[in-house]
Amino acid sequence: MASLTGAASRLLLSARITVSATTTRLYFSSSCVSPLKCPKSSPLLSHVFRYQKQSLVRVSSGSFSTVASSKSAASDPDQLKSAREDIKELLKAKFCHPILVRLGWHDAGTYNKNIQEWPQRGGANGSLRFEVELKHGANAGLVNALKLLQPIKEKYSGVTYADLFQLASATAIEEAGGPKIPMKYGRMDVSVPEQCPEEGRLPDAGPPSPAAHLRDVFYRMGLNDKEIVALSGAHTLGRSRPERSGWGKTETKYTKDGPGAPGGQSWTVQWLKFDNSYFKDIKERRDNDLLVLPTDAVLFEDPSFKEYAEKYAVDQDAFFKDYAEAHASLSNLGAKFDPPQGFSI
């Protein structure tokens, strides 16, 4: 995750890498592959948040509203199904699988299991739509994901942001050839920017002690070593761009022609295909055009992580099974459901 990492930012978990002024954030970081540019500055942000200020009642009034629907906090199942079909078409047109994975992961990955109150505990609650959280270093470029999903949100006002982000993330994995994610929906949205989590809850790409850092971050979420490694496998999608993350090459033979905006360095050769190539390539390290971050390399260095990484490198079915379960768990972190048990579509 260059944002949740490396295990989960391209690991939580992305897909890929982004930076703050002084710190590179990992795991849910995936590069933006849409023709849209991923600006560091604020012209697009200004446009998006101008609509936020104008939206006082409806969830979808022109762009990203700051208030939950006055009708219901939960999403409408039929609208969710239709939104999923629209997301599939968006993926076909924009090749934006990595950044949509990253969006869902970064919204969920702020969860702190040691905080009981909602929404202070963070997690999948739609808070990432607010400017204050979008400007966190780990979330650089994610305004483009919001821009991509904006027409869908406007079309389906009965879908919460929290559900839309997680729906887009899971659909992107599945449409890239990955496993079916056992998702549930009905997540409630936070309503004001003051409910956003503080910065610093997402993983870094190059911490001094990568294994300890990944455990600090993911154990705080209630996830274990197997889930850390499985989620790290989402780095099979996407690219890291040095101008945003400080990591990777400007371009490689695998990224110079796109699709989408060219450039960056990918973890795998076919960086829009979800499979177990990430584990094979990290283990072999035979290609200098493929990226290996400190939080990637440690998966084959730490004894506990290595057990799972070795397994996934030779058994894609095992990887898909464990990944699907870990992704579903991540997508539920910190969420408040209505109905309380959630629902499937």
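Residues numbered from 1 in each chain as written. Predicted model: local features only at pLDDT ≥ 70, side-chain atom pairs only at ≥ 80, totals over all residues. Heavy atoms only, no water.

J.: Just checking my understanding: could you explain the overall build of the chain for this structure?
T.: A count of helical and extended segments in the chain gives 13 helices and 4 strands. When burial is assessed residue by residue, the chain has 61% of its 345 residues classed as buried. When the accessible area of the chain is evaluated, it comes to approximately 12600 Å², of which 49% is carbon and sulfur surface. (Helix = DSSP H or I, 4+ residues; strand = E, 2+ residues; numbered from the N terminus. Buried < 20%, exposed > 50% of the residue type's maximum accessible area, 1.4 Å probe, protein only. Areas by Shrake-Rupley, 256 points an atom, 1.4 Å probe, with all protein chains shown as cover.)

J.: When you look at the packing of helix 8 (residues 225-232) against helix 13 (residues 316-332) in this model, what are you seeing that I'm missing?
T.: For any two helices packed against each other, one specifies the inter-axial angle together with the distance between the axes. It is at 8 Å that the axes of helix 8 and helix 13 come closest, and there the two elements cross at 100 degrees. As far as their axial angle goes, helix 13 and helix 8 are roughly perpendicular. Contacts between helix 8 and helix 13 involve K226, E227, A230 and L231 from the first element and F319, D322, Y323, A326, H327, S329 and L330 from the second. Its residues placed into classes, the contact of helix 8 with helix 13 shows 6 nonpolar, 2 polar and 3 charged. (Axes fitted to C-alpha atoms, helices over the stretch in contact; angles between N-to-C directions. Parallel < 35°, antiparallel > 145°, perpendicular 65-115°, else oblique. Contact = heavy atoms within 4.5 Å. Nonpolar A, V, L, I, M, F, W, Y, C, P; charged D, E, K, R; others polar.)

J.: Sorry, what's going on with the nonpolar core here?
T.: Grouped burial of nonpolar side chains is what soluble globular proteins tend to show. One finds I87, L100, L149, F274, F279, L299 and Y323 to be the most contacted residues of the largest nonpolar core, which totals 75 residues. Considering every element that reaches this core, the biggest residue donor is helix 6 (residues 161-175), with 8 residues. Not counting residues up to four positions away in its chain, the partners in contact with F279 are V229, G233, L299, F300, A309, Y312, A313 and F319. (Core = buried A, V, L, I, M, F, W, Y, C linked by side-chain atoms within 4.5 Å.)

J.: Can you walk me through the packing of aromatic side chains in this structure?
T.: For any pair of aromatic rings, the description consists of the separation of the ring centres together with the inter-plane angle of the planes. If you walk through the whole model with that rule in mind, you get 11 aromatic pairs. Between W105 and Y323, the ring centres sit 6.4 Å apart and the planes meet at 40 degrees, which makes this aromatic pair tilted. Placement of W105 in helix 3 (residues 97-108) and of Y323 in helix 13 is noted, with a sequence separation of 218 residues between them. The exposure class assigned to Y323 is buried, which follows from its relative accessible area of 0%. (Phe/Tyr/Trp six-rings, centres within 6.5 Å; stacked < 30°, edge-to-face > 60°.)

J.: Where do I start with the pattern of salt bridges in this structure?
T.: Side chains that differ in sign of charge can pair as their charged atoms come close. Under the definition given, this model contains 16 salt bridges. Two residues, E131 and K135, come together in a salt bridge whose shortest N-O distance is 2.9 Å. Exposure remark for E131: the relative accessible area of 29% places this residue in the partly exposed category. A network of salt bridges, in which partner residues are shared, links K249, K253, D287 and D289. (Salt bridge = Lys/Arg side-chain N within 4 Å of Asp/Glu carboxyl O.)

J.: Would you explain helix 3 in this entry?
T.: Because an α-helix packs 3.6 residues into every turn, residues spaced three or four apart end up facing the same way. With 12 residues, helix 3 ought to run about 16 Å at 1.5 Å a step, and its terminal C-alpha atoms sit 17 Å apart, in line with that. Most of helix 3 sits out of view: 12 of its 12 residues are buried. (Expected span 1.5 Å × (residues − 1).)

J.: What am I meant to see in the confidence of the model for the chain here?
T.: Residues shown with low pLDDT carry predicted positions that ought not to be read at fine detail. Scored by pLDDT, the chain has a mean of 83; 79% of the residues are at 70 or more. Taken as a whole, residues 1-63 scores under 50 in pLDDT and shows 342 contacts with residues more than four places along the chain or in a different chain. (pLDDT = per-residue confidence, 0-100.)

J.: Honestly, the environment of P340 in this entry has me stumped. Any pointers?
T.: Considering the arrangement of structural elements, one finds P340 in the segment after helix 13. Distance in space between the C-alpha atoms of P340 and A74 is 10.0 Å, their sequence separation being 266 residues.

J.: Looking at this structure, I do not really get the side chain of T255. What am I missing?
T.: Looking at the element boundaries, T255 is found in the loop between helix 9 (242-245) and strand 4 (265-266). The class of T255 is buried, set by a relative accessible area of 0%. For T255, the side chain forms a polar contact with the main-chain nitrogen of T252, separated by 3.0 Å. Among all residues touching T255, those that are not within four sequence positions of it are R239, P262, G263, G264, Q265, S266 and W271. (Polar contact = N/O pair within 3.5 Å; in protein donor to acceptor, adjacent residues only side chain to side chain.)

J.: For this particular structure, what's the right way to read the packing of helix 3 against helix 5 (residues 143-155)?
T.: At a minimum axis separation of 9 Å, helix 3 and helix 5 run at an interaxial angle of 105 degrees. It follows that helix 3 is roughly perpendicular to helix 5 by the angle criterion. Only N144, A145, L146, L148 and L149 of helix 5 make contact with helix 3, whose side of the interface consists of I99, L100 and L103. The residue makeup of the contact of helix 3 with helix 5, split by class, is 7 nonpolar, 1 polar and no charged.

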